[in-house]
Amino acid sequence: MDPALRTYRSGLLASVFWHSLGRLGTLLLLWGWGWGPDSVLGHKNTVTRLDADSKLPIMGLMPINKTLAVESISEGILPAVQLATEHVHNKFLPNTSKLVLEWYDTECDNAKGLKAFFDGIKYGPKHLMIFGGVCPSITSIIAESLKEWNLVQLSFAATTPVLADKKKYPYFFRTVPSDNAVNPAVVKFLKHFGWRRVGTLTQDVQRFSEVRNDLTSELEKADIQIADTESFSNDPCLSVRKLRDNDVRIILGQFDENMAAKVFCCAYNENMYGIKYQWIIPGWYQLNWWKLAAYNYCPLKNLLTAMEGYVAVDYEPLSTKDIRTISGLTPQQYEQEYNKMRGSAEYSKFHGFAYDGIWVIATTLQRAMDSLKRLDSPQTIRDFNYVNKDLGQIFLDSMNETNFLGVTGQVMFRNGERMGTIIFSQFQDEVTVKVGDYNAVADSLELINDTLRFQGVEPPKDRTIIQPQLRKISLPLYSILSALTVLGMFMSSAFLFFNIKNRNQKLIKMSSPYMNNLIILGGMLSYASIFLFGLDGSFVKPNTFETLCTVRTWILTVGYTTAFGAMFAKTWRVHAIFKNVKMKKKIIKDQKLLIIVGGMLLIDLCILICWQVVNPLKRTVEDYPLEPDPAGRDFAIRPMLEHCENTNMSIWLGIVYAYKGLLMLFGCFLAWETRNVSIPALNDSKYIGMSVYNVGIMCIIGAAVSFLTRDQPNVQFCIVALVIIFCSTITLCLVFVPKLITLRTNPDAATQNKRLQFTQNQRKDDSKTSTSVTSVNQANTSRLEGFQTDNHRLRMKITELDKELEEVTMQLQDTPEKTQYIKQNHIQELNNILSIRNFTDGKDSDKPLMKNHHDSRSQVPWGTALEPSRTNKDVIEDINSPEHIQRRLSLQLPILHHAYLPSIGGVDASSASPCVSPSASPRHRHVQPPFRVMVSGL
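Asker: How would you sum up the overall build of the chain? Please name residues and give values.
Answerer: Each helix and strand in the chain was counted, giving 32 helices and 22 strands. In the chain, of all internal contacts separated by at least 6 residues, the share reaching a separation of at least 24 is 74%.

Now the structure itself:
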């Protein structure tokens, strides 16, 4: 342990002991030793000798033993006292008076110091005052008993705040400011830079604790908040960390230089240095103190980095002003003479206070003599003794009246405390530079221009300045998306004009123009909601924003339902027709689709009205965690974001999302089911399905991403706007762009009759124009394969019938008598052919085709043979003649053969001619019958 610190601590323990005794115990002890005032007055020979010699004896108390760590005090003080005595004798006191200082070594020990004090009183001359007192413990013990001796003590080095208690130490004065004297200066310094929030870090030692307690009182008077108060005994790192956690930026430290090295090493480790922090510590440390303790706790580089810019506060040891003092010398001239007088002796920063102290004693004695003259008192100051209270009071009053300009500045007392000058120094590039001073008399702070340097562009803040920042939508982003939205609305208006103008065109009429108008209206409402979503606190007031919360929700919901509902209805109609397995004629009018859309809107309105009445949307502001300033400035940003919410927001959103989600999933299902349907009468069914599918997918993705980016308004607005623009634009383009292209490239397409029908005709090689047909949906592959299987089986049946017909023909040529047998037995075979025809046409064939079928049957000459109701016997006999039968069969059988083969996949109907013989007909030419569909207008 440092010897000085050990001595200081032992002094504190003794001080506690002597304070417990009190003044009464001290006096009893003195009387017991025979050293009371009366005993001292018994030495009259000494007093007579002093009077004769005209000396003014002063008791000097100071540690003189050179083996102590405080030896520099005596070595540096004695030259200053000697120089001051000479100046006083030469320029102030009359020739008949001479100050004589009798020095007594206290050794900074309580017992030895008391013994020296009492020895000076009992065996020494009759001292008028006491000059000295360095160590706090012994000084406080002696100062407490001075009232009983009527002695005034003046110290030049005791800075302990304990001695500032004038009730306990009324006869104690000091030319050096107290440690507490720096506190008003610190408060003034804090106010100058607007620091209203500080923290304290104190070493657990009485001296520093007393300063901290007085500083706390001064800070409370100045209305400065103490954010945290930390103390430590040996390891300050935990306390430093607590200060950082409490966001303390201005740290007021009270610790010695040994602990200062530890503190700044901890500060470096906790990153409590630089532009965000300001340390204010005592300034009475030894010169280059940091070099002595640098390598004990952390590398020198780290220590210097953390120390850079700290401010040290201490009393000014010597005035820097070029002014004449009471001695006639300037402070600079005095310092030169002092250095000559000191020679190679140790330097003491208290030498200026000791020099001014001798002048204080001299001026006090001079005022005391003047006071006695004014009172016409027969006494002189040489008549003082330790029981003379009147002279003791005169000395006390004269000391309080001290006011002159010394080498340490203006010397005056207020309640026994020196009202001196406090200097502020800053550690800059390993050098301590004076940056300002505080005049306690005038209570003024003066900073030297351009000397105080902060590591930032401005003084650090006393706390993390939280700057609320409302996150707003970027104006360029809003402008770009608004421009895209305007283009989309112009496009919607153009499509609406096109749809209304061409509503009577069959191409437009067959695609339900009323539903198309609803799609356009929904798209325009969705576009309009983008403008409202982009309006936030940067554009509108809070009340207006709250209204927009409701308006934009209604517009987007109604617009989405209108557009999506119309697409859903049209997709449902395609699906209903497509799933008509029996291919019956099914008519779904627009009125039914409008009812579907109206039902969806009615559900939306019910939900929105209940939402608005029960729990309307309100403007809420959400705070987000602090963020550092992007520009690196010394404050933090508190992001704030506006939301449209209510207390049960999740419930209402769940209802809306559930309803919309089910509807969307069903719409996507219908779109998937009809993805490959292409029906001329519903010429936009495929595009509507694509739109429903795309809208569903984009809405799901957009809603999820929008929820995840709710703390980023620009990203959220961009995603929402792009989803709305994409869905609306792609839907309108898919619905109307093909119509525009068709009307422009093929104007006659609007007048062509589009129907679902089965056809038996194929296009000839000479490219004759045939009625437009479309193939059945490729998705119905299984159904088509079934038809092909039946077709193959029936063709095999026809082949067998052809063979039988040939055999019958040959038999007729050989045996005409079998005609009756053929008429009766093969009529059933012809009926089978007819039934095959009916089967291939289908039970639900269109009536015009059935008519043609009956017409072809009516043209067959065998009609008479197929109708047994005829009773004209003459005709029958004539017809049944062998000649007629042979001729008729030779002509009619090939006709029948070629007439019915095409209907079941045989030869082409165009090649079926009665003029072609059976042997010439291409029976074995199998052509795949195209299945075609014709649907009448809906």
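The rest of the description comes next.
Asker: For the packing of aromatic side chains, give the residues involved together with the corresponding values.
Answerer: All chains considered together, the criterion is met by 33 aromatic pairs. For the pair Phe264 and Tyr310, a centre-to-centre distance of 5.6 Å together with 35 degrees between the ring planes defines the contact as tilted. One end of the pair, Phe264, is in helix α11 (residues 257–269); the other, Tyr310, is in the loop between α14 (300–307) and β10 (311–315), and 46 residues separate them in sequence. Using a relative accessible area of 5% as the deciding quantity, one classes Tyr310 as buried. Directly above the ring of Tyr123 sits Lys122, whose terminal nitrogen or CZ lies 5.9 Å from the centroid. A cation over an aromatic ring shows up here: Arg249 above the ring of Tyr277, its NZ or CZ 5.9 Å from the ring centre.

Asker: Provide a residue-level description of the nonpolar core, including the pertinent values.
Answerer: Within the largest apolar cluster, 102 residues are counted, with the highest numbers of intra-cluster contacts made by Phe117, Phe131, Phe156 and Leu190. With sequence-adjacent residues up to four places away left out, Leu190 is seen in contact with Trp195, Val198, Leu219, Ile224, Ile250, Leu252 and Ile280. Core analysis: the next-biggest nonpolar cluster, separate from the first, contains 60 residues, Leu535, Leu593, Cys644 and Cys668 among them.

Asker: Describe the packing of helix α18 (residues 475–501) against helix α25 (residues 713–745), and please don't skip the residues or the numbers.
Answerer: Across the interface, α18 lies against α25 with an axial gap of 10 Å and an inter-helix angle of 25 degrees. Here α18 is positioned roughly parallel relative to α25, judged by the angle of their axes. Regarding α18 and α25, the two cross each other, and that crossing is left-handed. Grouping the amino acids of the contact of α18 with α25 by side-chain chemistry returns 18 nonpolar, five polar and one charged.

Asker: Go over the state of the cysteines, please, and point to the residues and values.
Answerer: A complete count under the given rule lists four disulfides for this structure. Disulfide pairing is shown between Cys108 and Cys135; the S-S distance is 1.3 Å. In this pair, Cys108 is assigned in the loop between β2 (98–105) and α5 (110–122) and Cys135 in the loop between β3 (129–132) and α6 (136–144), connecting sequence segments 27 residues apart. By the burial criterion, Cys108 is buried, and Cys135 matches it. In this model, Cys237 is linked to Cys266 through a disulfide, with the two sulfur atoms separated by 1.9 Å. Negative torsions about the S-S bond denote left-handed disulfides, and the value of about -65 degrees found for Cys237 with Cys266 makes this one left-handed. Of the two residues, Cys237 is situated in helix α10 (residues 237–245) and Cys266 in helix α11; the sequence distance between them amounts to 29 residues. Residue classification places Cys266 among the buried residues on the basis of a relative accessible area of 4%. Cysteine pairing in the chain follows 1-2, 3-5, 4-6, 7-8, where each cysteine in a disulfide is numbered by its order in the sequence. With no disulfide partner, Cys610 has as its closest neighbouring cysteine sulfur the one in Cys606, 6.5 Å distant.

Asker: Tell me about the sheet that holds strand β13 (residues 417–418), and name the residues and values.
Answerer: Strands in a sheet are paired, the pairing made by backbone hydrogen bonds, and the direction either parallel or antiparallel. Here three strands make up an open sheet; going across it, the order is β11-β12-β13 and the pairing antiparallel. Each having just a single partner strand, β11 (403–406) and β13 make up the two edges of the open sheet. Here strand β12 (residues 409–414) pairs with β13 via two bridges, running antiparallel. Residue pairing across strands places Arg414 opposite Glu417, the latter belonging to β13. Relative to β11, helix α16 (residues 351–374) is tilted by about 150 degrees, and along the sheet it contacts β11, β12 and β13.

Asker: Give a description of a nonpolar patch on the surface that names residues and reports values.
Answerer: On the surface, a cluster of nonpolar side chains totalling about 560 Å² of accessible area is made up of Ile480, Leu484, Val486, Leu487, Phe490 and Leu722. The biggest single contributor to the nonpolar patch is α18, with five residues. Tracing the chain through its elements places Ile480 in helix α18. The exposed category is assigned to Ile480, whose relative accessible area is 51%.

Asker: Talk me through unusual backbone geometry; I want residue IDs and the actual numbers.
Answerer: Residues other than glycine seldom take positive phi values, yet Asn271 does so here, at roughly 60 degrees. Inspection of the secondary structure puts Asn271 in the loop between α11 and β9 (278–282). The phi angle at Asp450 is positive, at roughly 60 degrees, despite the residue not being glycine. Mapped onto the secondary structure, Asp450 falls in the loop between β16 (444–447) and β17 (466–470). According to the relative accessible area criterion, Asp450 is exposed, its value standing at 79%.

Asker: Requested: an account of the packing of helix α20 (residues 513–533) against helix α22 (residues 590–614), with residues and values cited.
Answerer: The interhelical angle for the contact between α20 and α22, taken along N-to-C directions, is 25 degrees, at an axis separation of 9 Å. In terms of orientation, α20 lies roughly parallel with respect to α22. Between α20, through Tyr514, Met515 and Leu518, and α22, the contact on the second element is made entirely by Asp590, Leu593, Leu594 and Val597. For the contact of α20 with α22, the residue count by class is six nonpolar, no polar and one charged.

Asker: Outline the environment of Thr363, listing residues and values.
Answerer: Positionally, Thr363 belongs in helix α16. Taking the C-alpha atoms as reference points, Thr363 and Glu401, separated by 38 residues in sequence, lie 9.5 Å from one another. Once residues lying within four places of it in the same chain are set aside, the contact partners of Thr363 are Phe92, Ile326 and Phe404. Side-chain polar atoms of Thr363 contact the backbone oxygen of Val360, separated by 2.9 Å.

Asker: Give me the lowdown on the sheet that holds strand β8 (residues 250–254), citing residues and values where you can.
Answerer: As summarised here, the arrangement of the eight strands in space is β7-β6-β8-β9-β10-β14-β15-β16, forming an open sheet in which the pairing is mixed. Both outer strands of the open sheet, β7 (225–232) and β16, are each paired with one neighbouring strand and no more. Strand-to-strand twist in this sheet, taken as the mean axis angle between neighbours without regard to direction, amounts to 25 degrees. Both β8 and β9 contribute to a ladder of three bridges, which runs parallel. Across the sheet, Ile250 pairs through a bridge with Gln278, a residue of β9.

Asker: Explain helix α15 (residues 331–342) to me, using residue names and the numbers behind them.
Answerer: Between its first and last C-alpha, α15 extends 16 Å over 12 residues, near the 16 Å set by a 1.5 Å rise per residue. Of the positions making up α15, those classed as buried are Pro331, Tyr334, Tyr338 and Arg342. Within α15, the buried residues cover an arc of 70 degrees as seen down the axis, which keeps them to one side. Pointing more than 90 degrees away from the buried face of α15 are the exposed residues Gln336 and Lys340.

Asker: I'd like a rundown of the pairing of strand β20 (residues 636–645), residues and numbers included.
Answerer: Burial analysis of β20 places seven of its 10 residues in the buried class, which makes it a mostly covered element. Bridge count for β17 against β20 is five bridges, and the pairing is parallel. Directly across from Leu470, in β20, lies its bridge partner Met640. Pairing analysis gives six bridges linking strand β18 (residues 618–623) to β20, with the strands arranged antiparallel. Counted as the bridge partner of Arg619 is Cys644 from β20. Sheet topology places strand β19 (residues 627–628) next to β20; two bridges connect them, and they run antiparallel. Within β20, the residue paired with Pro628 across the bridge is Ala636.

Asker: Can you explain the side chain of His351? Please cite residues and give values.
Answerer: Position of His351 relative to the elements: it lies in helix α16. Polar contacts involving the side chain of His351 include one to the side chain of Tyr347, which spans 3.4 Å. Every residue in contact with His351, bar those within four places of it in the chain, is listed here: Gly76, Ile77, Ala80, Leu318, Tyr334 and Tyr338.

Asker: Summarise the environment of Arg196; cite the residues concerned and give the values.
Answerer: Looking at the element boundaries, Arg196 is found in the loop between α8 (182–192) and β6 (197–203). C-alpha of Arg196 to C-alpha of Asp223: the two residues are 27 residues apart in sequence and 7.6 Å apart in space. Excluding residues within four positions of it along the chain, Arg196 makes contact with Lys191, Ala222, Asp223, Ile224, Gln225, Asp462 and Arg463. Polar side-chain contacts of Arg196 include one of 3.0 Å to the backbone oxygen of Asp223.

What counts, and at which threshold
- Residues numbered from 1 in each chain as written.
- Predicted model: local features only at pLDDT ≥ 70, side-chain atom pairs only at ≥ 80, totals over all residues.
- Heavy atoms only, no water.
- Helix = DSSP H or I, 4+ residues; strand = E, 2+ residues; numbered from the N terminus.
- Contact = heavy atoms within 4.5 Å.
- Phe/Tyr/Trp six-rings, centres within 6.5 Å; stacked < 30°, edge-to-face > 60°.
- Buried < 20%, exposed > 50% of the residue type's maximum accessible area, 1.4 Å probe, protein only.
- Lys NZ or Arg CZ within 6 Å of the ring centre and 35° of its normal.
- Core = buried A, V, L, I, M, F, W, Y, C linked by side-chain atoms within 4.5 Å.
- Axes fitted to C-alpha atoms, helices over the stretch in contact; angles between N-to-C directions.
- Parallel < 35°, antiparallel > 145°, perpendicular 65-115°, else oblique.
- Left-handed = near helix turned anticlockwise from the far one by under 90°.
- Nonpolar A, V, L, I, M, F, W, Y, C, P; charged D, E, K, R; others polar.
- Disulfide = S-S within 2.5 Å.
- Pairing = 2+ DSSP bridges.
- Patch = residues over 30% accessible without salt bridge, like charges linked within 9 Å, V, L, I, M, F, W, Y side chains within 5 Å.
- Areas by Shrake-Rupley, 256 points an atom, 1.4 Å probe, with all protein chains shown as cover.
- Salt bridge = Lys/Arg side-chain N within 4 Å of Asp/Glu carboxyl O.
- Polar contact = N/O pair within 3.5 Å; in protein donor to acceptor, adjacent residues only side chain to side chain.
- Expected span 1.5 Å × (residues − 1).
- Arc of directions from axis to C-beta.

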